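# Observations on the three-dimensional arrangement
Now for the letters of each chain:
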Amino acid sequence: MEENKNSSQETMFQSSGDLIDAMKHSFEFWHKNYVDAPLNYTLVWKKGLQSNSEILKKIEKTWRNTIKQGTEIQMEQFLELWSQAIRKSNFELAKKPIQQWQEFWENTTDEQFRIYAEVLKMLESYWKSEQSKSIE
């Protein structure tokens, strides 16, 4: 039973090309730009989640049947794990702990996979916007 559960989670994760592509792009952006001077990714992303209503709307729309606090915790857990993972030396090493986080992915829907992908993209855009404001 456990082996079957693991393989179905792996298959579900692999079938979500959007999330894998977004993670790869996210890894390349954050790792390439900030490897020499690492950011506190979790803090940057938490601020992005709090200050960007478009990101929050996207998250809340997907998890409309759950309480808001639970949704925020789930997203924060994903981003916390991802912030640790992108410090790895390459993308294959970075995605491994994400894929192995079975209890998290157990009840994840295809729509939620898409939202994680969109949020990664939106956080990158948010950070680029913040950086351009700092330069001006």
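Our structure's up above, just so we're on the same page.
Summarised in this report is the structure supplied together with it. Per chain, the residues get numbers from 1 upward, laid out in the order the sequence is written. Under the rules for a predicted model, residues below a pLDDT of 70 receive no local features and side-chain atom pairs below 80 are neither given nor counted, while totals for whole chains, interfaces and linings still include all residues. Side-chain descriptors were evaluated using all non-hydrogen atoms of the structure, hydrogens and water having been removed beforehand.

### Observations regarding the overall build of the chain
Secondary structure elements follow DSSP: runs of H or I of four or more residues count as helices, runs of E of two or more count as strands, with numbering from the N terminus. Assigned secondary structure in the chain consists of 8 helices and 0 strands. The secondary structure elements of the chain, listed N-terminal to C-terminal, are α-α-α-α-α-α-α-α. In the chain, which comprises 136 residues, the share counted as buried stands at 39%. Here a residue-residue contact requires only that any non-hydrogen atoms of the pair lie within 4.5 Å. Here the contacts in the chain between residues at least 6 apart in sequence split such that 75% fall between residues at least 24 apart. Each accessible area is a Shrake-Rupley estimate made with a 1.4 Å probe; only the visible protein chains count as cover when residues are assessed. Only carbon and sulfur atoms are counted for the fraction: they give 48% of the accessible area of the chain, which is about 8,300 Å². Burial classification: accessible surface area is computed with a 1.4 Å probe over protein chains only, and a residue below 20% of its type maximum counts as buried, one above 50% as exposed, and the rest as partly exposed.

### Considerations on the nonpolar core
Take the buried Ala, Val, Leu, Ile, Met, Phe, Trp, Tyr and Cys residues and link them wherever side-chain atoms come within 4.5 Å; each set so joined is a nonpolar core. By size, the foremost hydrophobic cluster in this structure holds 35 residues, and its most contacted members are L19, W30, W45, M75, F78, W82 and W105. Those elements that provide at least two residues to this core are α2 (17-34), α3 (41-51), α4 (53-62), α5 (68-85), α6 (91-99), α7 (102-105) and α8 (110-135). Of the residues forming this core, the biggest block, 9 residues, is contributed by α8.

### Points about α6
Listed as buried for α6 are F91, A94, K95 and I98. In an axial view of α6, the angular spread of the buried residues amounts to 85°, which keeps them on one side of the axis. Near the N-terminus of α6, the side chain that reaches the backbone nitrogen of E92, with its oxygen 3.1 Å away, is that of N90. Here the arc refers to the set of directions running from the helix axis out to each C-beta atom. We call two N or O atoms a polar contact when they sit within 3.5 Å, provided that within protein one can donate a hydrogen and the other can accept it, with sequence-adjacent residues counted only if both atoms are side-chain atoms.

### Section: the environment of K121
The topology assignment puts K121 in helix α8. Measuring from C-alpha to C-alpha, the distance between K121 and I55 comes to 10.0 Å, with 66 residues separating the pair along the chain.

### Structural notes on the packing of aromatic side chains
Aromatic rings from Phe, Tyr and Trp, taking only the six-membered ring of Trp, are treated as a pair when their centres fall within 6.5 Å; an angle between ring planes under 30 degrees marks them as stacked, one over 60 as edge-to-face, and anything in between as tilted. Summed over the entire model, instances satisfying the criterion amount to 8 aromatic pairs. Look at F78 and Y116: their rings are 4.4 Å apart centre to centre, the planes differ by 35°, and that puts the pair in the tilted class. Separated by 38 residues along the polypeptide, F78 in helix α5 and Y116 in helix α8 bring together distant segments of the chain. By relative accessible area, which is 0% here, Y116 ends up buried. Ring centres 4.1 Å apart and planes at 10° place the aromatic pair W101 and F104 in the stacked group. Just as W101 is buried, F104 falls in that class too.

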